[in-house]
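Listed below, chain by chain, are the residues.
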Amino acid sequence: MAYPYVSEHEVRILSKYFGDPKQRHLDTYVERGGYSALKKGFDSGSAEVIETVKASGLRGRGGAGFPTGLKWSFMPKDTGKPHYLLCNADESEPGTFKDRELMRWDPHQLIEGCLIGAFAIQAQHVYIYCRGEFFETNQVLARAVEDAYAKGYIGKDILGSGNDIDVTVHQGAGAYICGEETGLMNSLEGRRGQPRVKPPFPAAVGAFGMPSTINNVETLSIIPHIIQNGGAWYRQYGTEKSPGTKLFCVSGHVNKPGNYELPLGFPLMKLIDEVCGGVRDGNALKAVIPGGSSVPIITAEEAGRCNLDYEGCVEVGTMLGCASVIVMDEHADIVKQVRRMVDFYAHESCGQCTPCREGSSWTAQILRRIEDGRGTEGDLDTLMEMTQQMVGTTICVLSDSVAAPVQSSIEKFRDEYLALIRRGERVGAA
Ligand SMILES: Cc1cc2nc3c(=O)[nH]c(=O)nc-3n(C[C@H](O)[C@H](O)[C@H](O)COP(=O)(O)O)c2cc1C
Ligand code: SF4
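For every chain, the first residue of its written sequence is number 1, and the numbers climb from 1 along that sequence. For this description, chains carry letters from A and ligands carry numbers from 1, given in the order in which they are written. Note on the predicted model: pLDDT of at least 70 is required for a residue's local features to be given, and 80 or more for side-chain atom pairs to be given and counted; whole-chain, interface and lining totals, by contrast, use all residues.

1. Points about the site of ligand 1
Let me state the cut-off plainly: Only the C-beta atom matters for this test: placed from the backbone, it must lie within 6 Å of a molecule or strand for the residue to be near it. Helix and strand labels come from DSSP, where a helix needs a run of H or I of at least four residues and a strand needs a run of E of at least two; each type is numbered from the N terminus. Three classes are used, and their members are as follows: Ala, Val, Leu, Ile, Met, Phe, Trp, Tyr, Cys and Pro are nonpolar, Asp, Glu, Lys and Arg are charged, and the others, Gly among them, are polar. An automatic or database domain assignment provides the domain bounds reported here.
Around ligand 1, a shell composed of 24 residues is seen, among which Gly60, Gly62, Gly179, Asn216 and Thr219 lie nearest. If one sorts the elements of the shell around ligand 1 by residue count, strand S4 (residues 212–216) sits on top with 3 residues. The residue inventory of the shell around ligand 1, partitioned by class, reads 8 nonpolar, 9 polar and 7 charged. When residues of the shell around ligand 1 are sorted by domain, at least three fall in each of domain 1 (21–235) and domain 3 (334–423).

2. Let's talk about unusual backbone geometry
At the junction of Lys198 and Pro199, the peptide bond is cis and its omega measures out at -5° in the coordinates. Of note, Pro199 is situated in the loop between helix H8 (181–188) and S4. The peptide bond linking Pro199 to Pro200 adopts the cis configuration, its omega dihedral lying at 5°. Along the chain, Pro200 turns up in the loop between H8 and S4. A positive phi is found at Asp78, a non-glycine position, where the angle reads about 45°. A positive phi angle, close to 60°, is found at Gln122, a residue other than glycine.

3. Here's the deal with the environment of Glu371
The line we're drawing: Here the C-beta atoms are placed from the backbone, and a residue counts as buried if at least 20 other C-beta atoms lie within 10 Å of its own, exposed if 12 or fewer do, and partly exposed otherwise. Any two residues are considered in contact once their C-beta atoms, placed from the backbone, lie within 7 Å.
Position of Glu371 among the secondary structure elements: in helix H15 (residues 354–371). Glu371 sits in the partly exposed class, given 18 other C-beta atoms within 10 Å. Note: C-alpha distance between Glu371 and Lys336 (35 residues apart in sequence) is 6.6 Å. Setting aside anything within four residues of it in sequence, one finds Glu371 in contact with Val335, Lys336, Arg339 and Leu420.

4. Here's the deal with the packing of helix H14 (residues 334–348) against H15
For clarity, the threshold we go by: For every element, the axis is a line fit to its C-alpha atoms; helices are fit only across the contacting stretch, and the angle between N-to-C directions ranges from 0 to 180 degrees. When an angle is under 35 degrees it counts as roughly parallel; over 145 it counts as roughly antiparallel; between 65 and 115 it counts as roughly perpendicular; any other value is oblique. Two helices cross in a left-handed way if the nearer one is turned anticlockwise from the farther one by less than a right angle. They cross in a right-handed way if the turn is clockwise.
Between H14 and H15, whose axes approach to 9 Å, the crossing angle comes to 155°. With respect to their mutual orientation, H14 and H15 come out roughly antiparallel. The way H14 lies across H15 gives a crossing that is left-handed. For the pair H14 and H15, the contacting residues are Val335, Lys336, Val338, Arg339, Val342, Asp343, Tyr345 and Ala346 in the first and Ser360, Ser361, Thr363, Ala364, Leu367, Arg368, Ile370 and Glu371 in the second. Grouping the constituent residues of the contact of H14 with H15 by class yields 8 nonpolar, 3 polar and 5 charged.

Structure, rendered in structure tokens:
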């Protein structure tokens, strides 16, 4: 099957059925072994499920890479209160397009992962908070949930286990900040989608004031495979500290952009050259943003030394984030790209924190001035100083996300800024 592109380097676990519409149907999913991990999880008990996930070394795929088993173990036990599992399906980070595919092609894989996760943390209700613009995905998910209720995989006394778990698909309204975990909780509760000050952390006071855990779609989708095959099986892929496979969303100037499932630690240049068919038109590589627009940009030389795992990205001064690899060739206009990203963040800032609200819009205005050939060299110092004050000073890290591309691009591609400032003309055209 040729989902739009596949590569011999891939290890397709999560994405095995991408491109196969039959997989959406409950009967097909069950025929292919689906929902057997749920039964296995119920039989082994919630403590054992958490231990298996801990042993796998799975790290959250929503961007921060926090160990999933550890996060689940933070949930209080036997509180007598409702507990909630929230599935973060708000996917809005520029460059990211993996969760929508997981939900669209294999909705039951996610639902099974949600049910196992809910069982592990003693949650009676799962909310899948799905980005509003994903019209088709929302429909596919809603249908899958309905079918799973009808066949007894969701609801009361699931599979005769005595466990009651409900699943609700909640459609968001298209705000990037509702992907931040506490912004999502506020939005789910019908409040303004603005992040909350932490502590208290969600495991203590989460959705509706109750103990809650939030996980990304990709994190939860791999859970049935880990429970079915064990932690050691998962660790055969990836590296010691970053085990497993990961969906890489590759966009920009490559011949074959798309989603590729690869073991963590895969070399970035091999991804570009061998998996994605190389840089478009045989052009030279200029820059890569390996983890979505919130992480620092790296040069072609740094890309040559970068292995795609959490540690490998840090070694070259960036982050894996959600593994959304944005590739830019020699014709890319770095200043324009950075300005467009900052425009996005300025628009999506929820406005609670002054450094973020004011800083992002002023940064965008200065970048536009430079782009239009009206900037000064002093603007670069102002940008560096101002964005420095936006790091670590706010309720959530959206503000830090503005600083990352601005600071890294000024440090690494200063000549492009200076060319616009000195000559009032652009470098590159794309
Ligand atoms: C501004 C902002 C936007 C975010 N957007 C998303 C998102 O769309 N999807 C997601 O899974 N995590 C997103 N996150 C991360 C979540 O806050 C949270 O860390 C994640 O859902 C935890 O899941 P994990 O442990 O499975 O990675 C965002 C964080 C920030 C600060
Ligand atoms: S950092 Fe920005 S987006 Fe995050 S809470 Fe503050 S103002 Fe809102």
